[in-house]
Amino acid sequence: MDNTEQIIITTQGLTKRYGEKCAVNGLDLSIRKGEIFGLLGPNGAGKTTTILMLLGLTEPSEGTASICGIDCTRDPVSVKRIVGYMPDNVGFYSDLTGRENLRFTGRLNGLSGKELDERVDSLLDRVGMTDAADQKASTYSKGMRQRLGIADVLMKDPQIIIMDEPTLGIDPEGMRELLILMRKLSKEDGRTLLISSHQLYQIQQICDRVGIFVSGSLIACGEISELGKQIQQETHYSLELETTPSDIELLNEIVKQPGVEHVSKEGKQFIIESVADLRENLTAFLGSRGYKILHLHQRGGDLDEIYRLYFERAEQQDEKTRGPHGSL
Amino acid sequence: MKKHAGLTALFEKELADHLLGKRFVLILVLIWATCFASLYGATSGMREAGVSDYPFLQLYTTGGSSIPSFMSFIALLGPFVGLALGFDAVNGERSSGTLNRLMAQPIYRDSIIIGKFLAGTAVIAIMVFTMGILIGTCGTLRTGFAPQPEEVMRIFVFLFFTVVYIAFWLGLSILFSVLCRHTATSALAVIALWIFFAIFMSLVANIVANAVYPVNNDYYVIVNSLKNYSLNLNLNRISPYYLYCEAVSTVMDPSIRAVNAVTMNQMVGAITGYLSFGQSLLLVWPHLTGLIALTLAAFAASYVCFMRQEIRSN
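Here the structure is a predicted model, which is why all the values come from computation and not from measurement.

### Side note on the overall build of chain B
A count of helical and extended segments in chain B gives 13 helices and zero strands. Seen in sequence order, chain B has helices and strands lined up from the N terminus as α-α-α-α-α-α-α-α-α-α-α-α-α. For chain B, the spread of C-alpha atoms along the principal axes amounts to about 70 × 50 × 35 Å. Counting over 314 residues, chain B shows a buried share of 39%. Counting contacts in chain B only where the partners sit at least 6 residues apart, residues at least 24 apart contribute 77% of the total.

### Thoughts on the domain arrangement of chain A
Residues and elements named next belong to chain A. Partitioning chain A into structural domains gives domain 1 (7-222) and domain 2 (224-328). For domain 1 versus domain 2, the separation of C-alpha centres amounts to 37 Å. The interface of domain 1 with domain 2 comprises 10 residues on the first partner and 10 residues on the second.

### Observations regarding the pairing of strand β12 (residues 260-266) of chain A
All names here are of chain A. Taking burial as the measure, the seven residues of β12 include zero buried ones, a minor fraction of the element. Across six bridges, the pairing between β12 and strand β13 (residues 269-274) is antiparallel. Bridge pairing links H262 to E273 in β13. Hairpin connection, β12 to β13: the antiparallel pair is bridged by two residues, and G267 has positive phi, about 60°.

### What about the interface of chain A and chain B?
Facing the 23 residues of chain A at the interface are 21 residues of chain B. Within the residue set of the side of chain A that touches chain B, elements represented by two or more residues are α2 (76-82) and α3 (98-108) of chain A. Looking at the side of chain A that touches chain B, the element that brings in the most residues is α3(A), giving four residues. Across the side of chain A that touches chain B, the residue classes tally to 11 nonpolar, seven polar and five charged.

### A look at unusual backbone geometry
Its identity as a non-glycine residue notwithstanding, N89(A) has a phi of 50°, on the positive side. Non-glycine residue E165(A) carries a positive phi angle of around 50°.

### Quick notes on helix α4 (residues 70-86) of chain B
All names here are of chain B. Here α4 is 17 residues long and its end C-alpha atoms lie 23 Å apart, about the 24 Å a rise of 1.5 Å per residue gives. Where α4 bends most, the angle comes to about 40°, and this point is L77, followed within four residues by the proline P79. Taking burial as the measure, the 17 residues of α4 include 13 buried ones, the bulk of the element.

### Things to note about the environment of R107(A)
In this fold, R107(A) is placed in helix α3. Note: C-alpha distance between R107(A) and F92(A) (15 residues apart in sequence) is 15 Å. If near-sequence neighbours (up to four positions away) are discounted, R107(A) is found in contact with S112(A), L116(A) and A9(B).

### Some words on helix α5 (residues 142-154) of chain A
Relative to the 18 Å expected for 13 residues at 1.5 Å per residue, α5(A) spans 19 Å between its end C-alpha atoms, a close match to the ideal helical length. As for α5(A), its buried residues are in contact with β6 (83-86), α3, α4 (113-126), β7 (160-164) and α6 (172-187) of chain A together with α6 (99-103) of chain B.

### Some details on the sheet that holds strand β5 (residues 70-71) of chain A
All names here are of chain A. Pairing in this open sheet of four strands is antiparallel, and the strands run β2-β1-β4-β5 from one edge to the other. Taken across any chain shown, the strands that pair with only one partner, and hence form the sheet edges, are β2 (21-32) and β5. Where strand β1 (residues 7-18) and β2 come together, eight bridges link them in antiparallel fashion. Within β2, the position partnered with I7 by the bridge is R32.

### Brief notes about the packing of helix α2 (residues 22-49) of chain B against α4(B)
Residues and elements named next belong to chain B. Two elements in contact, α2 and α4, have axes whose closest approach is 11 Å; the angle formed by their N-to-C orientations is 175°. One element, α2, and the other, α4, form an angle in the roughly antiparallel class. Across the interface between the two elements, R23, I27, T34, S38 and A42 of α2 pack against F70, F73, L77, V81 and A84 of α4. For the contact of α2 with α4, the class distribution of residues is seven nonpolar, two polar and one charged.

### Notes on the environment of G290(A)
Along the chain, G290(A) falls in the loop between α10 (279-288) and β14 (292-298). Remark: the alpha-carbon pair of G290(A) and A133(A), spanning 157 residues in sequence, is separated by 62 Å.

### Regarding the sheet that holds strand β11 (residues 237-244) of chain A
All names here are of chain A. With antiparallel pairing, four strands are arranged side by side in an open sheet as β12-β13-β11-β14. Each of the sheet's edge strands pairs with one partner strand only, and the pair in question is β12 and β14. Recorded for the sheet is a direction-independent mean angle of 20° between the axes of neighbouring strands. As judged from the five bridges shared by β11 and β13, these two strands associate in the antiparallel manner. Counterpart to L241 in the pairing with β13 is F270. On top of the sheet, helix α9 (residues 248-256) reaches β11, β12 and β13; it is set at about 155° to β12, its chief contact. Its contacts with the sheet put α10 on β11 and β14, and the angle it makes with β14 is roughly 170°.

### Topic: the confidence of the model for chain B
All names here are of chain B. Summing up the model confidence of chain B, the mean pLDDT is 86 and the portion of residues at 70 or higher is 97%. Between the elements of chain B, mean pLDDT differs from a low of 77, seen in helix α12 (residues 264-267), to a high of 91, seen in helix α8 (residues 149-179). Quick note on the complex model: pTM equals 0.83, ipTM equals 0.81.

### Structural notes on the confidence of the model for chain A
Averaged over chain A, the pLDDT score is 81; the fraction of residues at 70 or greater is 91%. Taken as a whole, residues 323-328 of chain A scores under 50 in pLDDT and shows zero contacts with residues more than four places along the chain or in a different chain.

About the criteria used
- Residues numbered from 1 in each chain as written.
- Chains lettered and ligands numbered in written order.
- Predicted model: local features only at pLDDT ≥ 70, side-chain atom pairs only at ≥ 80, totals over all residues.
- Helix = DSSP H or I, 4+ residues; strand = E, 2+ residues; numbered from the N terminus.
- Buried ≥ 20, exposed ≤ 12 C-beta atoms within 10 Å, placed from the backbone.
- Contact = placed C-beta atoms within 7 Å.
- Domains from an automatic or database assignment.
- Pairing = 2+ DSSP bridges.
- Nonpolar A, V, L, I, M, F, W, Y, C, P; charged D, E, K, R; others polar.
- Expected span 1.5 Å × (residues − 1).
- Bend = angle between axes of the 7 residues up to and from the residue.
- Axes fitted to C-alpha atoms, helices over the stretch in contact; angles between N-to-C directions.
- Parallel < 35°, antiparallel > 145°, perpendicular 65-115°, else oblique.
- pLDDT = per-residue confidence, 0-100.

What follows is the structure, encoded as structure tokens:
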């Protein structure tokens, strides 16, 4: 890694307990400056609790979190000066217009006069809300509220932006715009983004690194391709193949290939499980026999499958640790 | 950055919200109607019963034509004003999702609740003083009595008491808005307390006093009367409603010389006459202290609860 990639958010053994329940369990996380980090996990995995602790809105039971070297628990006001937070289901004062809502946020951040007006105008323009700026916030659609939420976060010109479920309940077109905007915030403005979500497909499109969160613990963390490799090494390769012609003869031929463990047929597709990556050998073999490939896909490469595999493994471990207690 | 930038911005926003909101118009209409009804009642009452040495004060304290006086109207309706301004202060923001957005701004957490309380109190003060002065003006025009300086001072003390009294109800409703998840629950809780203090507290005080110091035969009457009365009075004074009523009727009526039971012994040699402004004030000083203490206690409780509360919106 080169020197420019400095760590901007760190947590050490961050833990939060609500009574008996452990919402976040010994979280060690480091996020680099300028990257988009995706925090993935099912509902109730502790994502929001982690975010609240990073902002100093909830006190951790144990451990520390710091942003730019500022302790999040001890000095939340300084942290909140450089961190923008967009909560899930972001709400606005319904009696005020979009512009007035933004002005209020700006004033809370110590802006005033011309600087405030200019920033409000430029941000409304940036999120494409200029036309609707003088309508009451109660008339806004979900997508508009989300865009106004981003403008609201940008009012303080934050180095770091934390978004809690930003993609929830937005139509595909709005989603596409949102993702482009988020990418711009990171790549053009050089801001660091921390995004929590359970919508894997969207996260996969924009995140540099992801952390997978299951019942309070981070079970995997890294780039998506790294995680994919990691999971493939531990499990088996699984290849989807569809060819024409598609016959039993071919199935028998494939089983004879080196490394193949099992072949099954799902609809028109063959599912080939093997201990090594077969793609090169197999395409050469099929080509030499005159088969045409219609579909070839190595499973485990995308986030959906990585997530599913990690999640299953975490559940299995959970059952194992619980097993002896259960039998008592 | 200025240290109180957040608090100032919050205060101004809350104040604007109150003054421009529909709810404020509703309160204003109600209060105006009360104002003019009581003024009408006072003038007709004064015509029937005659005028005392302090006619200007009578505009506030006399009722007539079965319309209660301005003072008793305010004692009864004041809580409603405080309630209307504060019952959804915190849980309203929580349910509309603006609270956690607000919390994520670089302001101290207590600025939020302090800003809300101060803005509410400011609205109350503006409303009460406008109303009081309006009644005086209209009264002067209608009756032709010009106020004496002492009367003006008494009226200002009365209005100040009223502000503190309504601010207590504001603090109480903010407390319930912190404690209850739903705005309807917090509103109902405050209404319940309001009715309890205004109607049932005196019944409860009476029952307790009679149980502790019975006065149901001649012997008991001789032995227990004073104690029974004092206990009854002191229990009633727990209620801010009673405390306020007692204090303002003392301030507004210079002929009231004592607020506690007075024995015949103590009356011997006393010269009948009016109390001076300073002496009246001295009589109600404990009431003022008590009311301010109650207000601060209500606010402090909501402050502490708010500071310790989880932000999570669900």
